[in-house]
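A closer look at the structure
Single-letter residue listing:
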Protein chains: 2
Amino acid sequence: MVIKTAALVANDNNNNNNDMVVTPWEVKGKVDYDKLIKEFGTQPLTSELLNRVGAHTGKLHLQLERKIFFSHRDLDTVLDLYDKGTKFVLYTGRGPSGPVHIGHLVPWMFTLHLQQKFKTRLYFQITDDEKYLVNDERDLGETSKWSYENALDLIALGFKPEDTFIIYNTKDIDLLYDISLKVAKRITYSTARSSFGFQDSTNIGWVYWPALQAAPCFIHKKLTGENVPALIPAAIDQDPYWRVTRDVAQKLGYCKPAQIHCRFLPGLGTNGKMSASMPETSIFTIDQPDDVKKKIWGAFTGGKPTAAEQRKTGANPAICSIFQYYHYLFEEDLSKLKEREHKCITGEMLCGECKKDIAEKLNKFLEAHRERREKAKDTIEQYHIKR
Amino acid sequence: MVIKTAALVANDNNNNNNDMVVTPWEVKGKVDYDKLIKEFGTQPLTSELLNRVGAHTGKLHLQLERKIFFSHRDLDTVLDLYDKGTKFVLYTGRGPSGPVHIGHLVPWMFTLHLQQKFKTRLYFQITDDEKYLVNDERDLGETSKWSYENALDLIALGFKPEDTFIIYNTKDIDLLYDISLKVAKRITYSTARSSFGFQDSTNIGWVYWPALQAAPCFIHKKLTGENVPALIPAAIDQDPYWRVTRDVAQKLGYCKPAQIHCRFLPGLGTNGKMSASMPETSIFTIDQPDDVKKKIWGAFTGGKPTAAEQRKTGANPAICSIFQYYHYLFEEDLSKLKEREHKCITGEMLCGECKKDIAEKLNKFLEAHRERREKAKDTIEQYHIKR
């Protein structure tokens with residue numbers, strides 16, 4: 001199997017559908033995370049490092065325990081500094097191209113956990129400019145609308161305005177532009193092309209854009225004078241941005257940003273990450289109960305063609321998109337998760353029951369989320385950086 | 001003689017010093033303006049067109065009469081619209097890399113004339129970001145300082161705040177960014193490379209930057225709702241920017257910007273435009289009387305080795321940098337200019353006298369300019385676009 005990173009995809013017109021593709025704009029194929037660690041040159045999250053995190057957080061977060069976050073760069077350095085009294089800031093973000101789905105919420109929930117346990121600030125970048133630039137059909141009005149809608153989903157998770165600063169790129173460009181210029185001046189076109197796979201037909205906005213994704217890594221110093229590292233919890237497809245940012249950070253007098261990388265929550269289809277471009281395979285926070293039931297009902301599982309056969313030979317949770325929902329989010333109790341897995345493998349529990357359970361859990365979660373999301377409309381302005 | 005435009009220079013490592021080079025970042029060699037019109041595909045300013053301008057301005061401005069402005073794109077279209085009641089806006093600017101010299105003031109004075117005669121608005125862009133991006137050594141603090149200093153020189157010429165809007169790129173990026181994104185999305189890297197001669201080693205900030213120089217062409221619609229063309233009086237080296245801007249304007253629902261192109265005021269050396277990078281060949285507005293005298297005294301003229309020889313055979317004003325000062329700016333009376341030319345050619349007036357005259361005129365002009373420049377410090381904020 002070939003791992004296709006940005007530069008490879010760009011130069012390959014014979015893309016085999018079975019290949020794994022992981023770029024900031026496309027994730028497809030079956031993702032082999034161990035290979036990604038090697039290919040991207042990141043570090044696995046070792047037990048030793050997890051223990052160091054646990055020393056600060058108490059019980060390890062589900063997403064660390066289950067290796068949903070599985071890789072990092074410089075998390076050890078960030079912890080060293082923290083132990084000596086230098087805090088870090090958190091930085092993550094969202095490309096507002098449509099509604100938020102459960103797969104987006106997973107790393108944000110983990111980010112909230114880190115924020116609460118380490119008592120630190122979060123910068124959250126909403127990249128309406130990027131989503132405008134990379135899609136021929138999209139206009140800026142559309143991406144601005146989704147910026148607002150997506151911010152509500154973030155706030156609904158429980159982030160507090162004292163420590164959470166949402167950056168809307170086009171609205172807040174006055175805060176980002178000078179930093180992005182400093183970054184851009186130190187990235188040649190040739191470096192950008194090899195990191196992101198740019199081609200002659202790429203528009204010049206897209207070419208510049210990595211400098212804007214880099215800017216929030218360094219904004220804390222501008223706002224507060226404190227030169228502390230940013231720790232970025234995000235899916236590993238964003239890694240090329242941090243590679244180029246890390247290369248220029250110290251030349252500009254900033255700390256290198258550190259990363260902690262997560263897996264993609266699989267879609268309800270057979271492969272790849274949950275994707276807003278295949279709405280039938282994703283559960284969106286705005287999906288109504290009946291939509292959720294319908295999508296779950298149509299989801300790919302590891303079940304057998306007939307109930308009789310499944311009762312006899314059992315099913316395969318390892319390939320089941322429904323089981324992943326329990327694993328990633330909806331069964332916090334590991335012994336109960338194991339029990340469900342066992343019942344699946346032995347044929348004791350059929351897919352129908354498992355789907356009914358998850359649809360109920362999902363709808364309960366989404367109902368409460370939407371209530372908090374409505375309330376977020378009253379407070380959203382408090383998360384906007386004051387001038 | 002070869003004309004080297006941006007793309008040619010970029011791809012040519014054997015640059016012959018005698019070649020004419022005209023790019024937005026470099027002008028050198030003896031400039032052949034007729035060839036530039038052909039090479040750039042612009043239109044000459046015909047007598048018919050000048051008459052149309054004169055119908056609005058009364059007596060033709062010195063810089064039109066003497067063909068200092070010599071070429072255009074769509075000036076006829078702009079006049080057609082004006083005659084039917086649709087105004088245009090003026091747009092020009094300055095790269096703040098150092099102090100302003102007389103060569104910079106020449107097109108600004110003409111711009112003021114157009115503004116007064118056509119009663120129209122001027123947008124003046126100060127491109128501190130560009131000057132930062134294109135020079136390895138320069139920092140943003142330096143270009144911001146020159147932004148302020150250079151704006152004072154503009155205001156000192158007599159522009160009124162009601163109709164003059166100075167745009168400082170890094171300070172006013174909130175007004176420019178969305179427009180620049182729309183432009184950038186429609187310019188491929190390949191187009192930018194061939195228009196500006198970008199190379200693999202070019203930084204990605206520079207690659208994006210043409211979209212920012214384009215933005216003020218369209219800002220009037222954003223600020224007022226009126227969709228009118230911009231007319232850009234500027235030296236012809238800036239033409240590549242307007243070519244790419246014109247290509248995307250209508251796709252974005254804007255009028256194509258029109259241009260009127262001027263020559264470069266020659267430096268006091270033998271060739272090329274007056275350049276801040278060769279301070280001994282330029283008269284800066286901050287130069288003190290003795291500096292002016294010294295620079296003028298050392299200037300290249302068309303004179304002969306000895307006074308005796310010159311009295312006998314005369315001198316050559318066509319190659320004289322001092323005579324150019326009279327021609328461009330300091331002798332408005334054409335008959336007096338002809339008289340001075342005649343006295344030079346016949347040997348009746350020697351270089352010393354001519355130099356003494358121009359030094360006096362320059363110092364008188366600069367003294368008054370600096371007085372107005374001081375006063376501009378009190379009003380400079382009025383020229384900044386209100387939010």
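Located above this text is the structure these notes cover.
In this report, we go over the structure that sits alongside the text. (Residues numbered from 1 in each chain as written. Chains lettered and ligands numbered in written order. Predicted model: local features only at pLDDT ≥ 70, side-chain atom pairs only at ≥ 80, totals over all residues. Heavy atoms only, no water.)

As a further point, take the overall build of chain A. Of regular secondary structure, chain A possesses 19 helices and 10 strands. Taking 2.2 N^0.38 as the reference for a compact globule, 387 residues should give roughly 21 Å; the C-alpha atoms of chain A span a radius of gyration of 21 Å, in line with that estimate. The principal-axis extents of the C-alpha atoms in chain A amount to approximately 65 × 50 × 45 Å. Within chain A, buried positions represent 58% of all 387 residues. Long-range pairs, those at least 24 residues apart, make up 75% of the contacts in chain A between residues at least 6 apart in sequence. Looking at chain A as shown, the accessible area adds up to about 16,200 Å², and 49% of this sits on carbon and sulfur atoms. In chain A, which carries 54 positive and 50 negative side-chain charges, the distance between the mean positions of the two groups comes to 3 Å. (Helix = DSSP H or I, 4+ residues; strand = E, 2+ residues; numbered from the N terminus. Rg over C-alpha atoms; globule rule 2.2 N^0.38 Å. Buried < 20%, exposed > 50% of the residue type's maximum accessible area, 1.4 Å probe, protein only. Contact = heavy atoms within 4.5 Å. Areas by Shrake-Rupley, 256 points an atom, 1.4 Å probe, with all protein chains shown as cover. Lys, Arg positive; Asp, Glu negative; His and termini not counted. Charge placed at Lys NZ, Arg CZ, Asp CG, Glu CD.)

So, on to the relation of the copies chain A and chain B. For the pair chain A and chain B, the superposition axis carries a translation of 0.0 Å, the fit reaches an RMSD of 0.0 Å, and the rotation angle comes to 180 degrees. The superposition operator between the copies reduces to a two-fold rotation axis. Counting the interface residues of chain A, we find that 100% of their copies in chain B are interface residues as well, pointing to one common contact surface. (Least-squares fit on C-alpha atoms with pLDDT ≥ 70 in both.)

The next thing to look at is the interface of chain A and chain B. On the chain B side, the residues contacting the 36 residues of chain A number 36 residues. Across the chain A to chain B interface the summed buried area is about 2,900 Å²; carbon plus sulfur atoms make up 70%. Our count for the chain A to chain B interface comes out at 2 salt bridges. For Asp 200 of chain B, the salt bridge identified is with Arg 193 of chain A, shortest N-O distance 2.9 Å. Of all the elements in the fold, those that place two or more residues in the side of chain A that touches chain B are helix H7 (128–133), helix H9 (173–185), helix H10 (189–196), helix H11 (204–208) and helix H12 (210–214) of chain A. Looking at which element gives the most residues to the side of chain A that touches chain B, the answer is H9 of chain A, with 8 residues. Residue composition of the side of chain A that touches chain B, by class: 16 nonpolar, 10 polar and 10 charged. (Buried area = accessible area lost by both parts, 1.4 Å probe. Salt bridge = Lys/Arg side-chain N within 4 Å of Asp/Glu carboxyl O. Nonpolar A, V, L, I, M, F, W, Y, C, P; charged D, E, K, R; others polar.)

If you look at the biggest cluster of nonpolar residues, it comprises 88 residues, and the most contacted ones within it are Tyr 177, Val 183 and Tyr 208 of chain A together with Tyr 177, Val 183 and Tyr 208 of chain B. Setting aside its immediate chain neighbours within four residues, Tyr 177 of chain A contacts Tyr 208 of chain A together with Asp 129, Asn 169, Thr 170, Ile 173, Trp 209 and Leu 212 of chain B. (Core = buried A, V, L, I, M, F, W, Y, C linked by side-chain atoms within 4.5 Å.)

All names here are of chain A. In terms of residue burial, strand E6 (residues 89–94) counts as a mostly covered element, since 5 of its 6 residues are buried. Sheet topology note: the E6/strand E9 (residues 230–235) ladder contains 2 bridges and is parallel. Across the sheet, Val 89 pairs through a bridge with Ala 230, a residue of E9. Judged from the 5 bridges that link them, E6 and strand E7 (residues 122–126) form a sheet pairing that is parallel. Each residue of the ladder has a partner; that of Thr 92, found in E7, is Phe 124. Remark: the E6/helix H6 (residues 102–118)/E7 crossover connection has right-handed handedness. (Pairing = 2+ DSSP bridges. Right-handed = clockwise from strand over helix to strand, strands pointing away.)

For the structure on display, the rule yields 34 aromatic pairs over all chains. Here the aromatic rings of Phe 196 of chain B and Tyr 241 of chain B are separated by 4.9 Å at their centres, their planes lie at 40 degrees, and the arrangement is tilted. In this pair, Phe 196 of chain B sits in helix H10 (residues 189–196) while Tyr 241 of chain B sits in helix H14 (residues 239–249), placing the two residues 45 residues apart along the sequence. There is no split in this pair, since Phe 196 of chain B and Tyr 241 of chain B are both buried. Ring plane angle 10 degrees and centroid distance 4.2 Å describe the contact between Phe 218 of chain B and Tyr 254 of chain B, whose orientation is recorded as stacked. With Phe 218 of chain B in the loop between helix H12 (210–214) and helix H13 (219–224) and Tyr 254 of chain B in the loop between H14 and strand E10 (258–262), this pair connects stretches of sequence that are 36 residues apart. The class for Phe 218 of chain B is buried, based on a relative accessible area of 2%. Chaining the aromatic ring pairs together yields one cluster made of Tyr 91, Phe 196, Phe 198, Trp 206, Trp 209, Tyr 241 and Trp 242 of chain A. The ring of Tyr 132 of chain B carries the charged tip of Lys 185 of chain A above its face, separated from the ring centre by 3.9 Å. In this arrangement the basic side chain of Arg 340 of chain A is found over the ring face of Tyr 326 of chain A, its NZ or CZ atom lying 3.9 Å from the centre. (Phe/Tyr/Trp six-rings, centres within 6.5 Å; stacked < 30°, edge-to-face > 60°. Lys NZ or Arg CZ within 6 Å of the ring centre and 35° of its normal.)

What follows deals with the side chain of Asp 172 of chain A. Residues and elements named next belong to chain A. In this structure, Asp 172 sits in the loop between strand E8 (164–168) and H9. Here the side chain of Asp 172 touches Arg 387 through a polar contact of 2.7 Å, side chain to side chain. Not counting residues up to four positions away in its chain, the partners in contact with Asp 172 are Ile 166, Ile 167, His 384 and Arg 387. (Polar contact = N/O pair within 3.5 Å; in protein donor to acceptor, adjacent residues only side chain to side chain.)

Quick look at the state of the cysteines now. Residues and elements named next belong to chain B. Scanning the entire structure with this criterion turns up 0 disulfides over all chains. Here Cys 255 stays unpaired: no disulfide links it, and the sulfur of Cys 217, its closest cysteine neighbor, is 11 Å away. On the basis of relative accessibility, which here comes to 22%, the residue Cys 255 falls in the partly exposed class. (Disulfide = S-S within 2.5 Å.)

With that settled, consider helix H8 (residues 140–156) of chain A. All names here are of chain A. Here H8 spans 25 Å end to end across 17 residues, near enough to the 24 Å set by a 1.5 Å rise per residue. For H8, the full list of buried residues reads Leu 140, Thr 143, Trp 146, Ser 147, Asn 150, Ala 151, Leu 152, Asp 153, Leu 154, Ile 155 and Ala 156. Where H8 ends, the next residue or the one after it, Gly 158, has phi of about 115 degrees, a positive value. (Expected span 1.5 Å × (residues − 1).)

Here we take up the pattern of salt bridges. In this structure the tally under the stated criterion is 34 salt bridges over all chains. Across the pair Glu 65 of chain A and Lys 59 of chain A runs a salt bridge whose closest N-O atoms are separated by 3.7 Å. Taking the relative accessible area as the measure of exposure, Lys 59 of chain A reaches 64% and is therefore exposed. Of the charged contacts, one joins Lys 222 of chain B and Asp 178 of chain B as a salt bridge, the two residues approaching to 2.7 Å between their closest N and O atoms. In this pair, Lys 222 of chain B is assigned in helix H13 and Asp 178 of chain B in helix H9 (residues 173–185), connecting sequence segments 44 residues apart. On the basis of relative accessibility, which here comes to 24%, the residue Asp 178 of chain B falls in the partly exposed class. Three or more residues are tied together by salt bridges with common partners; here these are Arg 52, Asp 80 and Asp 83 of chain A.

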